[in-house]
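Summary of the model geometry
Here's the letter readout for the chains.
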Amino acid sequence: METVLFYLLGCIAAFCGFFMVLHKNPVYSAIFLVQSLFAVAGLYLLLDAQFLAIIQILIYAGAIIVLFLFVIMLLNLRSVENEMRYMFRVKLLGIFLSVVLIAEIIYLIALHPEIGSQGNWTSETINSMGSTEVVGKALFTTYLFPFEVASIVLLVAMIGMIVLAKRHAKES
Amino acid sequence: MIGLSHYLFLSAILFVTGVIGVLVKRNAIVIFMSIELMLNGVNLSFIAFGRYLHSLDGQIFVFMVMVVAAAEVAVGLALIIALFRLKTTINVDEVNIMKW
């Protein structure tokens, strides 16, 4: 059962990722990206990370993709869709470099690198307490400082976004 | 029970798909989406490692990566809007005023 689900979700994630890159219309790219992200959320469920699966759907599908679609609609890209005169050689070089990269990664995975020490959070422990409680406890005790820094990062991003997207009076 | 390497292969495929998107596409918004795909590939391998090493740190890392991804998308899309206002294009080939 787990194997079937893994291959199903993995194929959905990979193929939707490919179609996202291949498709010319950015709106379709965004939809394929959402499907890919949903499949990855399903894989998180298989890996006993229920909290992060829900967060993935909420943050990515609920916030980030909506933001992407807003910007695509806002810019009305039909008028700038003249990227047909691309440089063929640059694309070929990019695909060649990507093939080299995946060959390197597969070689590294196939080496079976020595895996580090085992912790004590087995899936039984996590499932008996609940993934949300486990992650929340770790976030608010061991990782309290990074958690607070993350809030500052979000605040700075919010201010920066408002400053950047604001129309300056003298420009217009 | 599926081995760890299956998940690592899948995350490598997702990551390299994102790399292809960044290298090949010329639309700045699609390049941002490809970066999101790369981040997701890395997140998947974090969670898979955490599961197979019985560790919780992978999930915390993924949480932080999601925070940074949200901030990055907000700022990046604001930059794209500012760019579109200035040049009325988001084709990255036509944005070369800092190139010499």
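Rules and cut-offs
Residues numbered from 1 in each chain as written. Chains lettered and ligands numbered in written order. Predicted model: local features only at pLDDT ≥ 70, side-chain atom pairs only at ≥ 80, totals over all residues. Heavy atoms only, no water. Helix = DSSP H or I, 4+ residues; strand = E, 2+ residues; numbered from the N terminus. Rg over C-alpha atoms; globule rule 2.2 N^0.38 Å. Contact = heavy atoms within 4.5 Å. Buried area = accessible area lost by both parts, 1.4 Å probe. Salt bridge = Lys/Arg side-chain N within 4 Å of Asp/Glu carboxyl O. Polar contact = N/O pair within 3.5 Å; in protein donor to acceptor, adjacent residues only side chain to side chain. Nonpolar A, V, L, I, M, F, W, Y, C, P; charged D, E, K, R; others polar. pLDDT = per-residue confidence, 0-100. Buried < 20%, exposed > 50% of the residue type's maximum accessible area, 1.4 Å probe, protein only. Core = buried A, V, L, I, M, F, W, Y, C linked by side-chain atoms within 4.5 Å. Phe/Tyr/Trp six-rings, centres within 6.5 Å; stacked < 30°, edge-to-face > 60°. Lys NZ or Arg CZ within 6 Å of the ring centre and 35° of its normal.

1. What about the overall build of chain A?
- For chain A, the count of helices and strands is 7 helices and 0 strands.
- From first element to last, N terminus to C terminus, chain A shows the α and β order α-α-α-α-α-α-α.
- The C-alpha atoms of chain A give a radius of gyration of 21 Å, which is well past the 16 Å a tight globule of 172 residues would have.
- Within chain A, contacts between residues at least 6 apart in sequence are counted, and of these 53% link residues at least 24 apart.

2. Digging into the interface of chain B and chain A
- Taken together, the 70 residues of chain B in the interface contact 83 residues of chain A.
- Both faces combined, the contact of chain B with chain A buries some 7000 Å², and carbon together with sulfur accounts for 76% of it.
- Inspection of the region where chain B meets chain A yields 1 salt bridge.
- On the surface where chain B and chain A come into contact, there are 8 residue pairs in polar contact (both at pLDDT 80 or more).
- Breaking the side of chain B that touches chain A down by element, the ones donating at least two residues are helix 1 (4–24), helix 2 (28–52) and helix 3 (57–87) of chain B.
- Broken down by element, the side of chain B that touches chain A gets its largest block of residues, 22 residues, from helix 3 of chain B.
- Its residues assigned to classes, the side of chain B that touches chain A comprises 48 nonpolar, 14 polar and 8 charged.

3. A few points about the confidence of the model for chain A
- Scored by pLDDT, chain A has a mean of 85; 90% of the residues are at 70 or more.
- When mean pLDDT is taken per element in chain A, helix 2 (residues 26–46) of chain A scores highest with 93 and helix 5 (residues 123–129) of chain A scores lowest with 79.

4. With respect to unusual backbone geometry
- Of note in this structure, Asp48(A) is not a glycine but carries a positive phi near 60 degrees.
- Here Asp48(A) is to be found in the loop between helix 2 and helix 3 (50–75).
- One non-glycine residue, Thr88(B), adopts positive backbone phi at about 50 degrees.
- If you trace the backbone, Thr88(B) turns up in the segment after helix 3.
- Taking the relative accessible area as the measure of exposure, Thr88(B) reaches 52% and is therefore exposed.

5. As for the nonpolar core
- In this structure, Tyr44(A), Leu52(A), Phe68(A), Tyr7(B) and Ile29(B) are the most contacted members of the largest nonpolar core, which totals 70 residues.
- Looking at this core, the elements that each hand over two or more residues are helix 1 (2–22), helix 2, helix 3 and helix 6 (131–140) of chain A together with helix 1, helix 2 and helix 3 of chain B.
- Ignoring sequence-local partners within four residues, the contact set of Phe68(A) consists of Ile29(B), Phe32(B), Met33(B), Glu36(B), Val73(B) and Leu77(B).

6. Overview of the pattern of salt bridges
Residue and element names in this part refer to chain A.
- Within the structure shown, the criterion is met by 2 salt bridges over all chains.
- A salt bridge links Lys137 to Glu133; its shortest N-O distance comes to 3.4 Å. With Lys137 and Glu133 both in helix 6, this residue pair falls 4 residues apart, about one helical turn.
- A relative accessible area of 41% means that Glu133 is categorised as partly exposed.

7. Let's talk about the packing of aromatic side chains
- Inspection of every chain in the model, using the stated rule, returns 8 aromatic pairs over all chains.
- Taken together, a centroid distance of 4.7 Å and an interplanar angle of 70 degrees make the contact between Phe6(A) and Tyr7(B) edge-to-face. You can see Phe6(A) sitting in helix 1 and its partner Tyr7(B) sitting in helix 1, one on each of two chains.
- Given a relative accessible area of 4%, Phe6(A) falls into the buried group.
- What makes Tyr7(B) buried here is its relative accessible area of 0%.
- Taken together, a centroid distance of 5.6 Å and an interplanar angle of 40 degrees make the contact between Phe19(A) and Phe32(A) tilted. Of this pair, Phe19(A) sits in helix 1 while Phe32(A) sits in helix 2; the two residues are 13 residues apart in sequence, bridging distant segments of the chain.
- Taken together, the ring pairs connect Phe6(A), Tyr7(A), Tyr7(B) and Tyr52(B) into an aromatic cluster.
- For Arg51(B), the ring lying beneath its charged end belongs to Tyr52(B), and the centroid distance is 5.8 Å.

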